[in-house]
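Spelled out from the first residue to the last, the chains are:
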Amino acid sequence: MTGNTEHHNETIDSDDNQQPGKHRLDKSMKRRRVLIGGTAVAAAGGLAVAGFASADTTSGETASSAEAEAAAGTSTTSGVCTLNAEVTEGPYSLDGALVREDIREDKEGFEVQYTFTVVDQANDCAPLADALVEIWHCDALGEYSGFVGGNGHQEEDNGTFLRGGQLTDANGQCGITSIWPGHYVSRAVHVHMRVHTEVTLTDDSYTGGEVIHTGQLFFDPDINEEIQATSPYSANTTKETTLANDSIYDDGGASSGLLTLTALGSSVSDGYKATITVGVDSA
């Protein structure tokens, strides 16, 4: 495996050494640089701006929680956005994600309640409705559905666990429930994300549309260290890469995909809320 480096434009992934024939890596896909709501972006439609800082590992709430809560109830928008790194989708992507709110299926792990707010720079950072936010990630043992065995563990593979997406509402917001990811060789703990527009929904999935953002999401390293040392994550004995040594995360905070975390209880096993505001340019 190689440790290739990613920057803010087109990048090369060192995600893993799976067979390329199994992956969707359409290099002709039109990609755009995307934006993420920075501290200058006020929430639209009464939504709080989220995703500006990593979690406070003492209280479980982020350093920016107060500012985010103070922004709630405002109705102004701002065209000032900070460019966010767009990175590879990695070798474990699959086409045709299930459109569903809960992607856990029967996977064990600590609950994560994601809230995504998508805003459109082309429309003064106003909320973008009817965008499909899709995520996928590995389970507690570092295995991806559709590619089980890639991290050295044998388990049932139905090709769908820990994969799915939701359409944003009129406020540009959607929620997805999953578990905290495990780790695997060569990468820090992360979640893959794509934002699609103009999709057509089927009974449980989608067709068509355009991918306007491909990114990855990351977690506070102190909280993650505690989680990875706790069952069921501790059963994964493969070597873990720290966030500081990850080949893709560039220490850019929320602009590089670092989630804002809020504890759901007094223990890491109670889970977390994870929020981020992602801006895209629909023009």
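Please read these numbers as outputs of a predicted model, since none were measured by experiment.

Enquirer: Could you clarify how one ought to interpret the sheet that holds strand S5 (residues 132-136) in this entry?
Expert: Strand pairing in a sheet relies on backbone hydrogen bonds, with the paired strands running either antiparallel or parallel. Taken together, four strands build an open sheet; the order of strands is S6-S5-S8-S11 and the sheet is antiparallel. At either end of the open sheet lies a strand with only one pairing partner, and these are strand S6 (163-167) and strand S11 (210-218). Sheet twist, expressed as the average angle between the axes of neighbouring strands with direction ignored, equals 20°. Relative to S6, S5 runs antiparallel, the two being bridged by five bridges. Its bridge partner being in S6, Glu-134 is matched across the sheet by Gly-165.

Enquirer: Where do I start with the environment of Val-189 in this structure?
Expert: Tracing the chain through its elements places Val-189 in the loop between strand S7 (173-179) and strand S8 (190-197). Assessed through its relative accessible area of 5%, Val-189 is described here as buried. Along the primary structure Val-189 and Leu-217 are separated by 28 residues, whereas in three dimensions their C-alpha atoms are 8.8 Å apart. If sequence neighbours within four positions are ignored, Val-189 has contacts with Trp-180, Pro-181, Gly-182, His-183, Leu-217, Phe-218, Phe-219, Asn-224, Gln-228 and Glu-240.

Rules and cut-offs
Residues numbered from 1 in each chain as written. Predicted model: local features only at pLDDT ≥ 70, side-chain atom pairs only at ≥ 80, totals over all residues. Heavy atoms only, no water. Pairing = 2+ DSSP bridges. Helix = DSSP H or I, 4+ residues; strand = E, 2+ residues; numbered from the N terminus. Axes fitted to C-alpha atoms, helices over the stretch in contact; angles between N-to-C directions. Buried < 20%, exposed > 50% of the residue type's maximum accessible area, 1.4 Å probe, protein only. Contact = heavy atoms within 4.5 Å.

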